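# An overview of the molecular structure
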Amino acid sequence: MRASAGDRLQTHGRVVGEHDRNAEIVEVLGANGEPPYRVRFEDGHETVMSPGPDSVVRDKDTNEPHQG
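Everything numeric in this text was worked out from a predicted model, so none of it was measured.

### Here we look at the packing of aromatic side chains
The geometry of an aromatic ring pair comes down to the distance between the two centres and the angle between the two planes. Taken as a whole and judged by the stated rule, the model has 0 aromatic pairs. Just above the ring of phenylalanine 41 sits the side chain of arginine 21; from NZ or CZ to the centre is 3.8 Å.

Pasting the structure below:
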């Protein structure tokens, strides 16, 4: 998983009825775009995450999933 600041991180709900969570990647803390990422959720909450397989990085300009 690789990302740039400004990309979106979408984490899918793991339980029936749980909604996806969307966040903006505000800082990439790993080398070459790799996790961990500092993210800001829609409610303003910020945290550092190393997303798992239930997450997708979407390009900030096209909203398309990143490849690779």
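### Points about the sheet that holds strand E1 (residues 8-11)
One open sheet accounts for 5 strands, arranged E4-E3-E2-E1-E5; its pairing is antiparallel. With partners counted over all chains shown, the strands left at the sheet margins are strand E4 (46-49) and strand E5 (55-58), one partner each. Along the sheet, successive strands turn relative to each other by an average axial angle of 35°, direction set aside. Strand direction decides the pairing type here: E1 and E5, joined by 4 bridges, are antiparallel. Note on E5: the bridge partner recorded for arginine 8 is arginine 58.

### Overview of the environment of valine 39
With respect to the helices and strands, the residue valine 39 is situated in strand E3 (residues 37-41). With relative accessibility at 0%, the residue valine 39 sits in the buried group. On a C-alpha basis, the gap between valine 39 and valine 56 in space is 13 Å, while along the polypeptide they are 17 residues apart. Apart from residues lying up to four places away in sequence, valine 39 is in contact with Leu9, Ala23, Glu24, Ile25, Val26, His45, Glu46, Thr47 and Met49.

Scoring rules and cut-offs
Residues numbered from 1 in each chain as written. Predicted model: local features only at pLDDT ≥ 70, side-chain atom pairs only at ≥ 80, totals over all residues. Heavy atoms only, no water. Phe/Tyr/Trp six-rings, centres within 6.5 Å; stacked < 30°, edge-to-face > 60°. Lys NZ or Arg CZ within 6 Å of the ring centre and 35° of its normal. Pairing = 2+ DSSP bridges. Helix = DSSP H or I, 4+ residues; strand = E, 2+ residues; numbered from the N terminus. Axes fitted to C-alpha atoms, helices over the stretch in contact; angles between N-to-C directions. Buried < 20%, exposed > 50% of the residue type's maximum accessible area, 1.4 Å probe, protein only. Contact = heavy atoms within 4.5 Å.

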